[in-house]
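Structural characterization, general
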Amino acid sequence: QELLPCGVGFHNAGLCREDRAIVEELFLNRDLLVLVSTSTLAWGVNLPARGVIIKGTKVYSPQAGGYEDLSPLDVFQMFGRAGRPGFGTNEIGEAVIITSKDDLEYYLSLLTQQLPIE
């Protein structure tokens, strides 16, 4: 509640349905300038954005019992939110990925080469 008037919202599984709907509506109406979401919920947030920032490319996997790289499909899904038609003045989106030096080449190759994503 303190950040919403400042134009910042959070979208996560801990929100009740009513609060989630309020945050989504505020973002769609451009009353929120920043929407922070988990990578899992980025799949479910069907909202266009001017820019997308992925901060960190490691996600915890209970099946693996540790951290794994964010999948190419997840990266493209989240980046696909940026610059959707009908949103913004020039409809050009920006996407930023923040990752470790060790993983940089991998993610650059995903974005610059034609590699299978599954």
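Presented here is an overview of the structure given in this document. (Residues numbered from 1 in each chain as written. Predicted model: local features only at pLDDT ≥ 70, side-chain atom pairs only at ≥ 80, totals over all residues. Heavy atoms only, no water.)

**Focus: the packing of helix H3 (residues 72-79) against helix H4 (residues 101-112)**
Here is the rule we go by: Comment: axis = line fitted to C-alpha atoms, over the contacting stretch for helices; angle = value between 0 and 180 degrees taken between N-to-C directions. Secondary structure is summarised from DSSP: a helix means a run of H or I of at least four residues, a strand means a run of E of at least two, and numbering begins at the N terminus for each. Under this scheme an angle from 65 to 115 degrees is roughly perpendicular, one under 35 degrees roughly parallel, and one over 145 degrees roughly antiparallel; angles in between are oblique. A clockwise turn of the near helix away from the far one marks a right-handed crossing, whereas an anticlockwise turn of less than a right angle marks a left-handed crossing. Two residues form a contact once any of their heavy atoms are found within 4.5 Å.
Between H3 and H4, whose axes approach to 11 Å, the crossing angle comes to 60°. For the element pair H3 / H4, the angle class is oblique. In terms of crossing hand, the pair formed by H3 and H4 is right-handed. Across from Pro72, Val75, Phe76 and Phe79 in H3, the residues of H4 making contact are Tyr106, Tyr107, Leu110 and Leu111.

**Overview of H4**
Put simply, the test is: Given the number of residues in a helix, its expected span is that number minus one, multiplied by 1.5 Å. Only protein chains enter the accessibility calculation, which uses a 1.4 Å probe; a residue whose area is less than 20% of its type maximum is buried, one above 50% is exposed, and one in between is partly exposed. Working definition: the arc comes from the directions between the helix axis and the C-beta atoms, pointing outward to the latter.
The first and last C-alpha atoms of H4 sit 17 Å apart over 12 residues, in line with the 16 Å expected at 1.5 Å per residue. Buried residues of H4: Asp103, Tyr107, Ser109 and Leu110, and no others. Projection of H4 onto a plane perpendicular to its axis shows the buried side chains occupying an angular sector of 155°, all on one side. What points out from H4, more than 90 degrees from its buried face, is the exposed set Lys101, Glu105 and Thr112.

The analysis is restricted to geometry; functional conclusions fall outside its scope.
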